[in-house]
Amino acid sequence: MNLYKLIACLSLAMATSAVAQTFGEQPAYPGRPNYGALKFSQSSAYYSYLMLDVHRSNAIRSGELRKAFNSKKEMLRYIDDVKCRLRKIIGEFPAKTPLNGKVTGTVNGEGFKVEKIIFESLPGRYVTAHLYLPENSSKPVPACIEMCGHGLNGKGTGSALAVRMALNGIAVMVVDPIAQGERLQLMDEKGRALTRGVTTEHTLLNPAFNLLGSSLAAQEYWDNSRAIDYLQSRMDIDKDRIGAYGFSGGGTQASYLVGLDERIKVGCVGLFFSSRARTLELQGPSDGCQQIPNEGCERIEGADFALMMAPKPFIVLDGKYDFVDHWGALCGFEELKKCYTILGHPERVTQYYAEDGHATPLDVQIRLVEWFGRWLGRDNTISQDTRNVEWKGTDMLCTASGQVNLEYEDALSVMDETVKTMNQLASQRVEFLQKDKDVIRQKMQELLGLENIFNDDIEAFTTGRSSLREFEEYRYQLNCEGQMPVACVVWIPSTVTADSPIEIHLHEQGKAWFFNDLTKRDAVSDGKIIVAADFRGIGEMEDPYIYNYTKYWNREYRVATTSMHIGRPVMGQRVADMRTLLNFCSEDEKLKGHPIKVVADGVYGPVVMHSAVLDSRISQAVLSHCLKSWKEYLENPLQRDMYSNVLFGVLKYYDLPDLIRLSEGRVRIVD
C-alpha cells in the first residue's frame, strides 16, 4: 500500500470512529462490544446535569440579592440570612480551651522583628506562626492575620507582605495551615511529605472531616480565629484593630475568616475572589480545602463572604490574567459595590487588578499596605517606599524538629484527632440505631440527599434487542423524571422459569467489563436472569478522565465534589438509580415477580448497603472489593476515590457495618 492510500485508510478509520462515538457505538475494548444502552453519547452529560442545580441555586440567590438591593433594611436582612446559612453548614466547633501560647525565638530584621510562636488551637493541635512586629513602638499596634497560600513551606522563611506591613506600623501574624510548613500530617518518620504537594494533602485529609460533619476549610477557619485570640491576649497589640488578608489558598481562608469572625475590622481576599458557579463551569471544583459541602444548595456565592463583613473596609486584589476567573470577579465586585452603597459606605470597598497572573507583584503589595494603613493606621500615613522587599530570615523554624507532630508527645495528627472524635460519637450512634426503623431510614435519606425526591414513575426505552443461542438480550434506557437515565442490559435465558432469580450486576468498571469477561456467559446456564447496569458516573456515563486531576486521587472528583456542593452526594444519587432499576424489575412483564439478588463491587458497595436497608425488594446482596467502614478513611487518608463514598456528617449516626446489621442478613461482603 502506498503512502496516499495509507493516509486515506487512516482518515476513513478515524471518521468511522468519530461517527461511532457520536451515536454511542464506540467499543469499550478494542474488538469487543461496549454493550451501550443509552440513546445518546455525551461524555460530560452527568456533569452538565449537576450544573443545572448549581445554576438553579444561583438564579434563586440572584433574585434574593436583587430584592436586597431595594433598601438598607433588606440588605442587612440578606447579610444576616447568609451568615445563618453558612453557620448552618460549617459544622459545630468545640468550646475554646487555653492556647498555651509561647514564643520559641526571635529573629531581628531592619525596622522590625519576628517572633516564632506556637499555640494550641485545640488540645494537642499545635499551630506554628510568625509574628512580625514594628520596632520601637511605644503603644499597642494594629495587627493582621496573613493566611498562607498553598505551598508545603507554609509561612516559610519570610513574608515580603508581612515585612512591608510591619515597616508601616502594622503587626502581622503569618499562620501555618494544617498540612503546611511545620504542620504536615502525611509524612514519614523524618518529616518528609508523602504526597506531591499541599493541595493533594489537603484534598486527601478533607473526607475525614466531611464524614464527621466538618471540613478542612472549617478547621482552617478555627485555627485562624484562634490566632486572633492569641493576638488579643498580647499587651503590645491593639485588640480592637485587627485585619485579615490572604492570597490564593490564603484567599480562601480569608474569605471564611472575614465572613464569620466579627472581630475583623478590615479584610482583603486576593487571587481567589470570583464566582463559584463560574469556577465549577470553567475548571471544575478546586482543592479539598476550598469549599464546604452544601454551599451550593444554601446559595452561598464567592461575593457573599465579603458581603458578610459589610460595611467594614474590604479590598479585592487579583491579576487580570489569573486562572481565577476574572469575569466572575468583576460580577462579584459589582454586587459588593451596590451593597456598600446601599449601606451608606461606598468608599469602604475597592478592587485592584494587576497586569499579571496568579501573583502578588509590587503594585499589589503597595495597594494592600495603603488600604490597611488607611483603615487600621492611627494617622492614615504610610511609607511611600516602593522598593522590593526581599528579606528572608534565618533559623525561622518554631520547632527544633521542624514538625509539631514530631516535636510534641501529646500532638494529635488529623488522623488521631478524627478517630478520637469518631470514638467520642460512639454512644450517639448507638442511641440513634436504637430508634424506630422508619426514623433511621428517614435520616439515611436526608444524609443521602434523597428527602422527598423519590419518583417511582419510570419510562423504559428499548434501545436494542438480539436473539442469541442461549438467551435473549435486551438493552434499555430507564428514565425517571429529575434523575439521570440508567443504562441496563438484560439477558433472559431460554431455560428461564417462574422461579428463576434476577441477578443484578453492578461493577465500578462498567457493565461492558462484566459482559466482555467471556466466562460470565456461563451465568445464564442455570436459568438466572442477568441484569447489568451502569448508574450515573459509571460505564457509559463516566466523567472524562481529563477533567479529573490525578493529584486529587479520585477518578470522579469533579462530579463527586460538585454533588456535595449542591447537597446531593453522588452515593445518594446512585441509591436513586438503584430504586429506578428495582422499579423496572418490578414492573417489566419479563422480570416482575422474580426474586432479586445484587452482585456489586467498588463504589457500588456502600450504595447497595443503603439500598438494601431502604428497599426490601433486594432479597440478597453480595459485595466485594468495597469500603467496609468509613473509619478506614480516618485512619488512612492515603486512599483513592474517597469522595465517591463520602456522606457529610454520617458518622454522627452510623457506620457501614451498622448498615450490614440493619439489612438483617441480606447483605454480605465476600472478601
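Residues numbered from 1 in each chain as written. Predicted model: local features only at pLDDT ≥ 70, side-chain atom pairs only at ≥ 80, totals over all residues. Heavy atoms only, no water.

A.B. asks: Would you take a moment to explain the overall build of the protein chain for this structure?
C.D. replies: Each helix and strand in the protein chain was counted, giving 21 helices and 17 strands. The C-alpha atoms of the protein chain give a radius of gyration of 28 Å, which matches the 26 Å a tight globule of 671 residues would have. Taking the principal axes of the C-alpha coordinates as reference, the protein chain spans close to 95 × 65 × 60 Å. For the protein chain, buried positions account for 59% of its 671 residues. Across the protein chain, the fraction of contacts at a sequence separation of at least 24, relative to all contacts at a separation of at least 6, is 75%. A total of about 27,600 Å² of accessible surface is found on the protein chain, and carbon and sulfur atoms cover 50% of it. (Helix = DSSP H or I, 4+ residues; strand = E, 2+ residues; numbered from the N terminus. Rg over C-alpha atoms; globule rule 2.2 N^0.38 Å. Buried < 20%, exposed > 50% of the residue type's maximum accessible area, 1.4 Å probe, protein only. Contact = heavy atoms within 4.5 Å. Areas by Shrake-Rupley, 256 points an atom, 1.4 Å probe, with all protein chains shown as cover.)

A.B. asks: Can you help me understand the sheet that holds strand β15 (residues 596-601) in this one?
C.D. replies: What holds strands together in a sheet is hydrogen bonding between their backbones, with the strands either parallel or antiparallel. One open sheet accounts for eight strands, arranged β10-β11-β12-β14-β13-β15-β16-β17; its pairing is mixed. Among the strands making up the open sheet, the edge pair consists of β10 (458-467) and β17 (667-669). Neighbouring strand axes in the sheet, compared pairwise and without regard to direction, differ in orientation by 20 degrees on average. Summarising the sheet, β10 and strand β11 (residues 471-480) pair through nine bridges and their orientation is antiparallel. The residue bridging isoleucine 458 from the neighbouring strand is cysteine 480, located in β11. Packing against the sheet, helix α19 (residues 604-614) makes contact with β13 (502-506), β14 (529-534), β15, β16 (618-624) and β17, and its axis sits at approximately 160 degrees to β16. (Pairing = 2+ DSSP bridges. Axes fitted to C-alpha atoms, helices over the stretch in contact; angles between N-to-C directions.)

A.B. asks: Just checking my understanding: could you explain the pairing of β16 for this structure?
C.D. replies: Successive side chains on a regular strand alternate, one facing one side of the sheet and the next facing the other. With five of seven residues buried, β16 is to be regarded as a mostly interior element. Remark: the β15/α19/β16 crossover connection has right-handed handedness. (Right-handed = clockwise from strand over helix to strand, strands pointing away.)

A.B. asks: Even after reading the chapter, I still don't get the nonpolar core, so can you show me in this structure?
C.D. replies: One broad trend across soluble globular proteins is that nonpolar side chains are buried collectively. Within the largest apolar cluster, 109 residues are counted, with the highest numbers of intra-cluster contacts made by Ile504, Leu506, Leu581 and Trp630. Per element, the largest residue contribution to this core is nine residues, and it comes from helix α18 (residues 570-587). Among all residues touching leucine 581, those that are not within four sequence positions of it are Leu478, Cys488, Ile504, Leu506, Val531, Ala533 and Phe535. Judged by nonpolar contacts, the second largest core, of 62 residues, contains Met75, Val82, Met173 and Ala227. (Core = buried A, V, L, I, M, F, W, Y, C linked by side-chain atoms within 4.5 Å.)

A.B. asks: Just checking my understanding: could you explain the environment of methionine 541 for this structure?
C.D. replies: Looking at the secondary structure, you find methionine 541 in the loop between β14 and α17 (557-565). Taking relative accessible area as the criterion, methionine 541 reaches 3% and is therefore assigned buried. When the C-alpha atoms of methionine 541 and serine 41 are compared, they prove to be 8.3 Å apart, with 500 residues separating the residues in sequence. With residues up to four places along the chain from it excluded, the contact list for methionine 541 reads Leu38, Tyr46, Met484, Pro485, Ala487, Asp534, Phe535 and Arg536.

A.B. asks: Looking at this structure, I do not really get helix α5 (residues 198-211). What am I missing?
C.D. replies: Taking 1.5 Å per residue, 14 residues should reach 20 Å; α5 reaches 21 Å between its end C-alpha atoms and fits that length. Once α5 finishes, glycine 213 follows within two positions and takes phi at roughly 90 degrees, a positive value. (Expected span 1.5 Å × (residues − 1).)

A.B. asks: What is the right way to look at the sheet that holds strand β8 (residues 314-319) in this model?
C.D. replies: Pairing in this open sheet of nine strands is mixed, and the strands run β1-β2-β3-β5-β4-β6-β7-β8-β9 from one edge to the other. The open sheet has two free edges, formed respectively by β1 (102-108) and β9 (349-354), since each of these has just one partner strand. Here the average twist between neighbouring strands, direction ignored, is 20 degrees. Together, β4 (141-147), β6 (237-247), β7 (264-270) and β8 form the strand contacts of helix α7 (residues 249-260), whose direction differs from that of β6 by roughly 135 degrees.

A.B. asks: Explain the packing of helix α2 (residues 45-68) against helix α3 (residues 72-90) to me, please; I cannot follow it from the model alone.
C.D. replies: The description of two packed helices rests on the angle between their axes and on the distance between the axes. It is at 7 Å that the axes of α2 and α3 come closest, and there the two elements cross at 145 degrees. For the pair α2 and α3, contact is made by Arg61, Glu64, Leu65, Lys67 and Ala68 and by Glu74, Met75, Tyr78 and Arg85, respectively. Grouping the amino acids of the contact of α2 with α3 by side-chain chemistry returns four nonpolar, no polar and five charged. (Nonpolar A, V, L, I, M, F, W, Y, C, P; charged D, E, K, R; others polar.)

A.B. asks: Explanation requested: a negative patch on the surface in the structure shown.
C.D. replies: A cluster of like negative charges, contributed by Asp457, Glu459, Glu481 and Glu587, occupies part of the molecular surface. Within the element layout of this structure, aspartate 457 appears in the loop between α15 (437-447) and β10. (Patch = residues over 30% accessible without salt bridge, like charges linked within 9 Å, V, L, I, M, F, W, Y side chains within 5 Å. Salt bridge = Lys/Arg side-chain N within 4 Å of Asp/Glu carboxyl O. Lys, Arg positive; Asp, Glu negative; His and termini not counted. Charge placed at Lys NZ, Arg CZ, Asp CG, Glu CD.)

A.B. asks: How should I be thinking about the state of the cysteines in this particular structure?
C.D. replies: All chains considered together, the criterion is met by zero disulfides. For cysteine 148, which is in no disulfide, the shortest distance to another cysteine sulfur is to cysteine 398 and amounts to 11 Å. A relative accessible area of 5% means that cysteine 148 is categorised as buried. (Disulfide = S-S within 2.5 Å.)

A.B. asks: Sorry if this is basic, but what is going on with the packing of aromatic side chains here?
C.D. replies: What characterises a pair of aromatic rings is the spacing of the ring centres plus the angle enclosed by the ring planes. Counted according to the given criterion, the structure contains 24 aromatic pairs. An angle of 15 degrees between the planes, with centres 6.3 Å apart, marks the rings of tyrosine 474 and tyrosine 476 as stacked. Sitting over the ring of phenylalanine 461, lysine 39 keeps its end group 4.0 Å from the ring centre. We note arginine 558 situated over the ring of tyrosine 47; from NZ or CZ to the ring centre the distance is 3.8 Å. (Phe/Tyr/Trp six-rings, centres within 6.5 Å; stacked < 30°, edge-to-face > 60°. Lys NZ or Arg CZ within 6 Å of the ring centre and 35° of its normal.)

A.B. asks: I would appreciate a short explanation of the confidence of the model for the protein chain in the present structure.
C.D. replies: The predicted structure's coordinates, where accompanied by low pLDDT, should not be read in detail. The pLDDT averaged across the protein chain works out to 92; a share of 93% of its residues lies at or above 70. Counted against residues more than four places away or in other chains, residues 1-28, with its pLDDT under 50, gives 15 contacts. (pLDDT = per-residue confidence, 0-100.)

A.B. asks: Please explain the environment of cysteine 289 as it appears in this structure.
C.D. replies: With respect to the helices, strands and loops of the structure, cysteine 289 is situated in the loop between α8 (276-283) and α9 (302-307). Note on cysteine 289: relative accessible area 2%, which makes it buried. Residues cysteine 289 and serine 215, 74 residues apart in the sequence, show an inter-C-alpha distance of 7.4 Å. Once residues within four sequence positions are removed from consideration, cysteine 289 is found in contact with His150, His202, Leu216, Ala217, Glu220 and Thr252.

A.B. asks: Would you explain the pattern of salt bridges in this entry?
C.D. replies: Opposite charge on two side chains permits them to pair, given that their charged atoms come into close proximity. Enumeration over the complete set of coordinates arrives at 50 salt bridges. Of the charged contacts in the structure, one is a salt bridge between lysine 528 and aspartate 526, with a shortest N-O distance of 2.7 Å. For aspartate 526, a relative accessible area of 53% puts it in the exposed group. Here arginine 617 ties to aspartate 615 by a salt bridge, and the two come within 2.8 Å at their closest N and O atoms. By relative accessible area, arginine 617 is classed as partly exposed at 27%. Residues participating in the shared-partner salt-bridge network are Lys96, Arg226, Asp229, Asp261 and Arg263.

A.B. asks: Looking at this structure, how should I read the packing of α3 against α7?
C.D. replies: The N-to-C vectors of α3 and α7 enclose an angle of 120 degrees; their axes lie 11 Å apart at closest approach. Judged by the angle between their axes, α3 and α7 are oblique. Relative to α7, α3 is oriented so that their crossing is left-handed. Taking contact as the criterion, the partners of Lys83, Leu86, Arg87 and Ile90 in α3 are, on α7, Tyr256, Gly259 and Leu260. Its residues assigned to classes, the contact of α3 with α7 comprises four nonpolar, one polar and two charged. (Parallel < 35°, antiparallel > 145°, perpendicular 65-115°, else oblique. Left-handed = near helix turned anticlockwise from the far one by under 90°.)

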